[in-house]
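Tertiary structure, described
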Amino acid sequence: MRLILVALACVALLSGCAIAPRDLYAPYKQNFGTYVANSEVDTFCLAPKLRFAIAAIEGRFGRKVVVSSGYRNPFHNADVGGADGSYHTKCMAADIFIPGVSKRSLIAVAYREGLVGGLGCYPGRQFIHIDVRDRPRGWNRPVTFSGC
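All values reported here derive from a predicted model rather than from experimental measurement.

Quick notes on the overall build of the chain
For the chain, the count of helices and strands is four helices and seven strands. For the chain, the α and β elements follow one another from N to C terminus as α-β-β-α-β-α-β-α-β-β-β. The proportion of buried residues among the 148 residues of the chain is 37%. Within the chain, contacts between residues at least 6 apart in sequence are counted, and of these 60% link residues at least 24 apart. Per element, the accessible surface of the chain, about 8,800 Å² overall, is 58% carbon and sulfur.

Quick word on the side chain of Arg72
Within the fold, Arg72 resides in the loop between β3 (66-69) and α3 (74-79). Residue Arg72 is classed as buried on the basis of its relative accessible area of 10%. Side-chain polar atoms of Arg72 contact the side chain of Asn77, separated by 2.9 Å.

What to know about the nonpolar core
Ranked by size, the top nonpolar core spans 29 residues in total, and within it Leu50, Ile57, Ile96, Ile98 and Ile130 carry the most contacts. Counting residues per element, this core draws most heavily on helix α2 (residues 48-61), at five residues. Those residues in contact with Ile130 that sit more than four places away from it in its chain are Leu50, Ile54, Ile57, Met92, Ala93, Ala94, Ile96, Ala110, Val116, Gly118 and Leu119.

Comments concerning the packing of aromatic side chains
On inspection of all chains with the given rule, the structure shows four aromatic pairs. Ring centres of Tyr28 and Phe97 lie 5.7 Å apart, and the angle between their planes is 65 degrees; this geometry places the pair in the edge-to-face category. Taken together, the positions of Tyr28 in the loop between α1 (2-19) and β1 (29-31) and Phe97 in strand β4 (residues 93-97) put the pair 69 residues apart, joining distant regions of the chain. It is Lys90 that lies over the ring of Tyr87; its NZ or CZ is 4.7 Å from the centre. Looking at Arg141, its charged tip hangs above the ring of Trp139, at a distance of 4.5 Å from the centre.

Observations concerning the pattern of salt bridges
Between side chains of opposite charge, pairing is possible as soon as their charged atoms come close. Tallying each qualifying case throughout the model produces three salt bridges. Put simply, Lys64 and Glu58 hold a salt bridge, and the shortest N to O gap is 3.7 Å. The exposure class of Lys64 is partly exposed, given its relative accessible area of 39%. Here Glu58 falls in the buried class, since its relative accessible area comes to 14%. Arg133 is the salt-bridge partner of Asp131, the closest N and O atoms lying 2.8 Å from each other.

A word on the pairing of β4
Along any regular strand, the residues point their side chains to alternate faces of the sheet. The buried fraction of β4 amounts to five of the five residues, a majority that puts the element mostly inside the structure. Side chains Ala93, Asp95 and Phe97 of β4 all project onto a buried face; the interleaved residues Ala94 and Ile96 project onto the opposite face, where all are buried too. When β3 meets β4, the two strands line up antiparallel, connected through three bridges. Directly across from Val66, in β4, lies its bridge partner Phe97.

How each quantity is defined
- Residues numbered from 1 in each chain as written.
- Predicted model: local features only at pLDDT ≥ 70, side-chain atom pairs only at ≥ 80, totals over all residues.
- Heavy atoms only, no water.
- Helix = DSSP H or I, 4+ residues; strand = E, 2+ residues; numbered from the N terminus.
- Buried < 20%, exposed > 50% of the residue type's maximum accessible area, 1.4 Å probe, protein only.
- Contact = heavy atoms within 4.5 Å.
- Areas by Shrake-Rupley, 256 points an atom, 1.4 Å probe, with all protein chains shown as cover.
- Polar contact = N/O pair within 3.5 Å; in protein donor to acceptor, adjacent residues only side chain to side chain.
- Core = buried A, V, L, I, M, F, W, Y, C linked by side-chain atoms within 4.5 Å.
- Phe/Tyr/Trp six-rings, centres within 6.5 Å; stacked < 30°, edge-to-face > 60°.
- Lys NZ or Arg CZ within 6 Å of the ring centre and 35° of its normal.
- Salt bridge = Lys/Arg side-chain N within 4 Å of Asp/Glu carboxyl O.
- Pairing = 2+ DSSP bridges.

By themselves, these observations are geometric and do not establish any function.
Have a look at this one:
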């Protein structure tokens, strides 16, 4: 029985390769094992909980996430208009998208992902913001802002 489950897991994992052709990721680089939108994106210090949330989202689609903004030092955060105390400056947030996946589908999955504490959906942008803040006591969904 265990052998069958392992075989099924391998088939499921490998089927994701067929769904997500490498060509979709040709314009993107990798930074510490994560696809990034450009060479300025820093994913070095992303919190383990955030990496697990990203992995869970990737697992739902069978495709890799592309991070368009990860860690930001306070100066860069101010330059891009980030909020004071942004979770990006704490290595606890990422702006993400998945090539070939609709933003609406990505939002729906991120909303249901238990590790996501904050969710931002910016109209006119291809990415969504996820962070791993603690949810307010008694909440079974992420804190949402900016168009979600």
